[in-house]
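Examination of the molecular architecture
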Amino acid sequence: MRAILSILWKEFIQLRRDPKLFPVLFISPILQLLLLGYAANLDVKNIPSVICDMDRTAASRAFIDDFLNSGYFTAAARVGRTGEIDARLDHGGAAIAFVVPRGFGDDLAAGRQAPVQIIVDGSESQTATIGVNYATMVASRYSQKVMLDAFERSRGRGLKPVLVNPQLRVWYNPDLKSRNFMIPGVLGLILMITTTTLASLGVVREREAGTMEQLIVTPVRPHQLILGKLLPFVLIGLIDAVFVLAVARLWFGVPLRGSAALLLALCLAFMLTTLGTGLFISTISRTQQQAMLTSMFFIMPQMMLSGFVFPIENMPPFFQALTRVIPLRYFLVIIRGIMLKGTGWAELWPQAAALLGLGTLILGLSVSRFQKKLE
Amino acid sequence: MKVLPYAFVGPVMRKEFRQMRRDSRSLVFMVLLPAFLLLMFGFALNFDVKHIPLAVVDMDNSRASRDLTDKFAATEYFDVEMRLDRTGDVDGLMAREKIRAALVIPETFSEDLLAGRSPSVQFLIDGANAMSGTTAAGYAASILQSYSQRTTLEALERRGARRLTLPLKADVRVWYNPELRSAKFLVPGLMAFILMVILTTSTAFSVVREKERGTMEQLRVSPLPNVSLIVGKLVPYVLISLASAHLVLGLGWVLFGVAVEGSYVLLLLAMILFLIAGLAQGLLISAITQTQQVAFLLSILTTILPTFILSGFVFPIRNMPLVIQVVTYMIPAKYFLVALRAIIIKGAGLPAFWGQLVMLAGFAAATLALSVAMLRRGNRAGRRRGREGAS
């Protein structure tokens, strides 16, 4: 115990020696969260649209108004010819265009089918998918209305449109705020990045500086050395987690419906895996630069395949299987579950078990590698 | 005697190349890692929201309600995973992520339809994943709308209307990316993201390593001007990363069919400017930090999340608040991404993105100038310490 404490003390002294380290460790996560909390917004509303009304009749204006009143589209530009749409979409000013050709009003009045055109910028495929969806819906509504109007005029009988009204109820995140989804993810990511990188440089730095030999000849046992080296990072990670949680809760109003104690306890389980990975990287690298590039090799796939943004269920089966060894995947389920859904141990124990299992495995592997290196 | 700064670029370059060769793993990582990551992510990721697991609570159990259920099952957007008797069961299933959405058809559904009243159905969505939730809500609404339209048509037919064609024909055209393939959208974004992160982190060590090892002092006592030190360090990285970027581009073309529609020369220009900007950011980090540890943390924290979220890769910049939109001007990947999408997907010419190139060049120049200035300050501080030590 004494040995662990003295290593721990030495680590803290070394960490304090670089005056920039602590600001980077504690202020930058909060800064990141503030920036990203405001930026992460996928709400597809007010899509800037180009309106090309070549008909200019009451009917075409009513049709266009239906779009603009739906809340999904705003008029970014009105043009007179289809040729001008090209430039507007090219420069990225607008994402969708509505073209009402000449004769639209006459066609409708005469009971002929009136063509309209909806042009979308497919290079932003998310906005495009959602935009097309809403646009066709608005057009279909209008179509239905026209049909009934015509019927009523010709027959003079009252007939109401049958509309199946969807009553949308969104659970856990009623306004479908992207922020509530992203911020817990950012917490997981920051925790992973800081602890993995710190641990990955921890051992290799001593080796590069030549102080590893000095530590080896002391009576400190390998596991004590590792514990003493990793514990400061655990503390740093926990402080970061508390900071980020506080900002998320107090500033952004992201709900924390479940138990905060359970969340912090599972943060510890998660750090078992990140520190284990970092230590492993440290044992297979000769220089700090190698350790850094090797960490990128571990961090980037974890970030992309964990479900942080890209849903796992849309990945091909091979990659879905691969995500099972990604600790962040389990931690994201845990943290989003506890914060947004208020889930507890009953629902989350499989994830917790996976984290503990993976953590023990990678930490065990790196400790055994570390011992071999010492001899 | 005044020495021309450019005369020293060559020797610094040679020294950097030699040091890189010594650490072959880092070199291999720098060249191959971006290609490897693109390979992996290109196959694994997409923005499509399909096969959302759905539960149906059909309390009406009529022909009409089954009809509506079939409408949902027939699309590729929803998979009807289970049918429930009570709405109460939905809660637990959603908490355990067994289902993402639920359709609740009330008892009076078919009755309302027959009577010509507008029935309502409930659609419940797991909003925790806001993004797929939004899309799912849109799909559900449009399925219900087409169902309503058909029901209205049938009602009109029953009332004796003839010649029923829909009055409107909406012709949807998707430009630039007709099949709305997310690969075409994703690959340019991934390129910008991966290159930015790897390049910045790999140069972040270049100066600080010399400081930590004490070789910086040796460079300082040489007649080497700071400009040539910075440029000499930068050039080898630019060459290597250019190779790396071409590998990524080739892979995007061969495997994901993302061909260069526009001019290659313009693409090369955009790429070189972007690479210099990314590397310059790494150099700056290296110049302002004292230890590799902090340099590493700073480079990762200033690239991974900001590039991912603030560049317009995933989140449209126009949705961001004004203050954040201003911050995005400091993200070089933003400019590159606009130029890349314009060239690769749209085949647009210089008028569509020359502003982006100017901004990229400006960012690179400013960052490099700042690195030189920071080095100079470091030198002065070093000299002061030296004097104090001597007296």
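Residues numbered from 1 in each chain as written. Chains lettered and ligands numbered in written order. Predicted model: local features only at pLDDT ≥ 70, side-chain atom pairs only at ≥ 80, totals over all residues.

1. A short note on the overall build of chain A
Looking only at helices and strands, chain A features 14 helices and five strands. Relative to a compact globule of 375 residues, whose C-alpha radius of gyration would be 21 Å, chain A shows 29 Å and is clearly more extended. Taken across its 375 residues, chain A has 50% of its residues classed as buried. (Helix = DSSP H or I, 4+ residues; strand = E, 2+ residues; numbered from the N terminus. Rg over C-alpha atoms; globule rule 2.2 N^0.38 Å. Buried ≥ 20, exposed ≤ 12 C-beta atoms within 10 Å, placed from the backbone.)

2. A closer look at helix α3 (residues 58–69) of chain A
Note on helix geometry: an α-helix contains 3.6 residues per turn, so any two residues three or four positions apart are oriented the same way. Taking 1.5 Å per residue, twelve residues should reach 16 Å; α3(A) reaches 16 Å between its end C-alpha atoms and fits that length. Backbone geometry just downstream of α3(A) places A:Gly71 in the positive-phi region, at approximately 90°. (Expected span 1.5 Å × (residues − 1).)

3. Some thoughts on the domain arrangement of chain A
According to the domain assignment, chain A consists of domain 1 (18–40 + 177–374) and domain 2 (47–155). In this structure, domain 1 of chain A and domain 2 of chain A have C-alpha centres spaced 49 Å apart. (Domains from an automatic or database assignment.)

4. Examining the environment of B:Ala364
All names here are of chain B. Mapping Ala364 onto the fold places it in helix α15 (residues 354–390). We classify Ala364 as buried; it has 22 C-beta atoms within 10 Å. When the C-alpha atoms of Ala364 and Leu275 are compared, they prove to be 8.9 Å apart, with 89 residues separating the residues in sequence.

5. Remarks on the domain arrangement of chain B
Domain parsing of chain B yields domain 1 (5–45 + 182–390) and domain 2 (52–158). In this structure, domain 1 of chain B and domain 2 of chain B have C-alpha centres spaced 49 Å apart.

6. A closer look at the packing of helix α11 (residues 288–305) of chain A against helix α2 (residues 24–44) of chain B
Between α11(A) and α2(B), whose axes approach to 10 Å, the crossing angle comes to 5°. Classified by the angle between their axes, α11(A) and α2(B) sit roughly parallel to one another. Here A:Gln289, A:Gln290, A:Leu293, A:Met296, A:Phe297, A:Met300, A:Pro301, A:Met304 and A:Leu305 of α11(A) come into contact with α2(B), specifically with B:Arg25, B:Ser26, B:Phe29, B:Leu33, B:Leu37, B:Met40, B:Phe41 and B:Ala44. Its residues assigned to classes, the contact of α11(A) with α2(B) comprises 13 nonpolar, three polar and one charged. (Axes fitted to C-alpha atoms, helices over the stretch in contact; angles between N-to-C directions. Parallel < 35°, antiparallel > 145°, perpendicular 65-115°, else oblique. Contact = placed C-beta atoms within 7 Å. Nonpolar A, V, L, I, M, F, W, Y, C, P; charged D, E, K, R; others polar.)

7. Observations regarding the interface of chain A and chain B
Listed as interface residues are 106 residues of chain A and, on the opposing side, 108 residues of chain B. Mapped by element, the contributors of at least two residues to the side of chain A that touches chain B are α2 (21–39), α4 (83–90), β4 (114–121), α6 (125–155), β5 (165–171), α7 (178–209), α11 and α13 (327–341) of chain A. For the side of chain A that touches chain B, the element with the highest residue contribution is α6(A), accounting for 21 residues. The residue inventory of the side of chain A that touches chain B, partitioned by class, reads 61 nonpolar, 31 polar and 14 charged.

8. Some thoughts on the environment of A:Phe233
Residue and element names in this part refer to chain A. Among the structural elements, Phe233 can be located in helix α9 (residues 222–251). Under the C-beta neighbour-count criterion, Phe233 is labelled buried, with 24 such atoms within 10 Å. Residues Phe233 and Thr323, 90 residues apart in the sequence, show an inter-C-alpha distance of 26 Å. Excluding its chain neighbours within four sequence positions, the residues that come into contact with Phe233 are Thr195, Leu198, Ala199 and Leu275.

9. A short note on the pairing of strand β3 (residues 101–105) of chain B
Residues and elements named next belong to chain B. In terms of residue burial, β3 counts as a mostly covered element, since five of its five residues are buried. Residues of β3 alternate between two faces, with Ala101, Leu103 and Ile105 on one and Ala102 and Val104 on the opposite face, all of them buried. In this structure, strand β1 (residues 52–58) lies alongside β3, joined through five bridges in parallel fashion. Across the sheet, residue Val57 finds its bridge partner in β3, namely Val104. By the bridge criterion, four bridges tie β3 to strand β4 (residues 120–126) in an arrangement that is antiparallel. (Pairing = 2+ DSSP bridges.)

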